[in-house]
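Residue-level structure breakdown
Here is how the chains run, residue by residue.
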Amino acid sequence: MALVSKAGSSYCIRSDITRGRTGQNVAFGVVNNVEAPIMKEKSIKISSLSCKNARVAQFFPLETVGFRSKRRNSVIVAASPPTEDALIATEPLTKQDLVGYLASGCKSKEKWRIGTEHEKFGFEIKTLRPMKYEQIAELLNGISERFDWEKVMEGDKIIGLKQGKQSISLEPGGQFELSGAPLETLHQTCAEVNSHLYQVKAVAEEMGIGFLGIGFQPKLGLKDIPVMPKGRYEIMRNYMPKVGSLGLDMMFRTCTVQVNLDFSSEADMIRKFRAGLALQPIATALFANSPFTEGKPNGYLSMRSQIWTDTDKDRTGMLPFVFDDSFGFEQYVDYALDVPMYFVYRKKKYIDCTGMTFRDFMAGKLPCIPGELPNLNDWENHLTTIFPEVRLKRYLEMRGADGGPWRRLCALPAFWVGLLYDEVSLQSILDMTADWTSEEREMLRNKVPKTGLKTPFRDGLLWHIAEDVLKLAKDGLERRGFKESGFLNEVAEVVRTGVTPAEKLLELYNGKWGQSVDPVFEELLY
């Protein structure tokens, strides 16, 4: 077991001990009292039998892992990245520790929550130019002061906000992101989105700033996009052109909406992961909303999705190994260990470690920090730099949808909650997709960005499968009993007509917009 101490910290932890096995003895502690700047605190109950050979302490904060050893009075604390200073490893992490970290996300069904994240483009209403960092800083400061958000700083620059379990952050090109709190119902999720948009607009409108809900910057080139002052983005910006032709477009010109969902056990994680990957192309089609590049149609319905096909093949894609009989937490760890790293965070600075792997780090073989070994914060940071269509952390992230207007921000979590949080619908999806081959899944992923619901599949179109899938999502929501199925209305219209949001925009562009993209800023204004 790796032991980590944090000198001079404000952490105050009392811990009980539970003994477990994940290939070797590991002590998992109950963190009863934590005084720390935690971004997303959340206590969750985990069945002692819910994860592979791991007896995990019964109460476990979602973003804080506490471990105490009988041998030493030392504590590991892994909080939302990055924490203020690096933790100091006094004993090497093992692969079993990394597996145990993922397994610690298991939660009993009554504790499952919905976490929604969305990005949007800020722009000057008069010029349609993107917000500069100075305007973003003014906006963040204004929201903080008016609505009581805590500021997140990198050096002397404001780069985000925190309030309870919500956070606001900046993507590389100034895209404005809300990472929502883990919530019980879709009504709460949609209320959170509406509250956030109200607060942002209250400050932004006074500044002459608007926000656009679309998947790809429709008007401006890369050279016109401001660069945010965040250390990790500088490292990524230098690395991206070495591994793909569209990585910088991904960083600076895309916006997405995604939903984060829980699992009860390793077996439950596997089922949801497989269903999510199989259906991700359908979500991409239903939410396709990025048909313009630099003022003209780009030939795609979801340019955002297309961009991921040539961003960095080492860390993206459909992960065919998830469908192997041997798949589980350990196999995902093996995959993540060999994904090239971006950085290590030490002494409030990002250190460039591109091209090396976490496996190298575990062996103390990173040239950027010779001989140093990783801690759980490093692992947590690394997992955030992997970008498959579905991503595993201590929950599953559905990552296939374009950004869009506010009703679609509520529709995406409704779609996935109806499918994955209802046992009948989930099993129906697994049965429906059981004989889909790896080649078919890959074909759908590659063709959907261009042809959407009209993508041919077997003896019909993807549209026909989407009809069945949407019915399963609606039925699943109705069985939940929270009267949430109305949140699917936005995608129900897409499925009824077979016309994606992007195709509607193209029709407007070729019709009443007179082949100008400028009206899209009003059409999709929040």
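See the structure printed just above.
Keep in mind the model is a prediction, meaning the values are calculated, not measured.

**A short note on the state of the cysteines**
Following the criterion strictly, the structure yields two disulfides and no others. Note on cysteine connectivity: Cys 190 is disulfide-linked to Cys 410, with sulfurs 2.0 Å apart. The sign of the 80 degrees torsion about the S-S bond sets the Cys 190-Cys 410 disulfide as right-handed. Of this pair, Cys 190 sits in helix H3 (residues 186–204) while Cys 410 is found in helix H11 (residues 406–420), placing the two residues 220 residues apart along the sequence. The disulfide bridge from Cys 353 ends at Cys 368, spanning 2.1 Å between sulfur atoms.

**Here's the deal with the pattern of salt bridges**
Inspection of every chain in the model, using the stated rule, returns 35 salt bridges. For Asp 334, the salt bridge is made with Lys 95, and the minimal N-O distance between the two is 2.8 Å. Of the two residues, Asp 334 sits in helix H8 (residues 329–337) while Lys 95 sits in helix H1 (residues 95–103), which places them 239 residues apart along the sequence. Here Arg 113 makes a salt bridge to Glu 184, at a shortest N to O gap of 4.0 Å. Remark: Glu 184 occurs in the loop between strand S13 (176–179) and H3 and Arg 113 occurs in the loop between H1 and strand S9 (114–124); sequence separation between them is 71 residues. Put simply, Lys 95, Glu 330, Asp 334, Asp 338 and Arg 359 are held in one network by salt bridges that share partners.

**Overview of helix H16 (residues 501–510)**
For an α-helix, the turn length of 3.6 residues means that residues three or four places apart are oriented alike. Where H16 is concerned, the buried positions are Pro 501, Ala 502, Glu 503, Leu 505, Leu 506 and Tyr 509. In the core, the buried residues of H16 are packed alongside helix H6 (266–286), strand S16 (292–293), strand S17 (296–297), H11, helix H15 (489–497) and helix H17 (520–523).

**Overview of the side chain of Ser 305**
Among the structural elements, Ser 305 can be located in helix H7 (residues 303–308). Classification of Ser 305 as buried rests on a relative accessible area of 1%. Setting aside anything within four residues of it in sequence, one finds Ser 305 in contact with Thr 284, Asp 402, Arg 445 and Pro 449.

**Focus on H11**
With 15 residues, H11 ought to run about 21 Å at 1.5 Å a step, and its terminal C-alpha atoms sit 22 Å apart, in line with that. In terms of burial, H11 is a largely internal element, 13 of the 15 residues being buried.

What counts as what
Residues numbered from 1 in each chain as written. Predicted model: local features only at pLDDT ≥ 70, side-chain atom pairs only at ≥ 80, totals over all residues. Heavy atoms only, no water. Disulfide = S-S within 2.5 Å. Helix = DSSP H or I, 4+ residues; strand = E, 2+ residues; numbered from the N terminus. Salt bridge = Lys/Arg side-chain N within 4 Å of Asp/Glu carboxyl O. Buried < 20%, exposed > 50% of the residue type's maximum accessible area, 1.4 Å probe, protein only. Contact = heavy atoms within 4.5 Å. Expected span 1.5 Å × (residues − 1).

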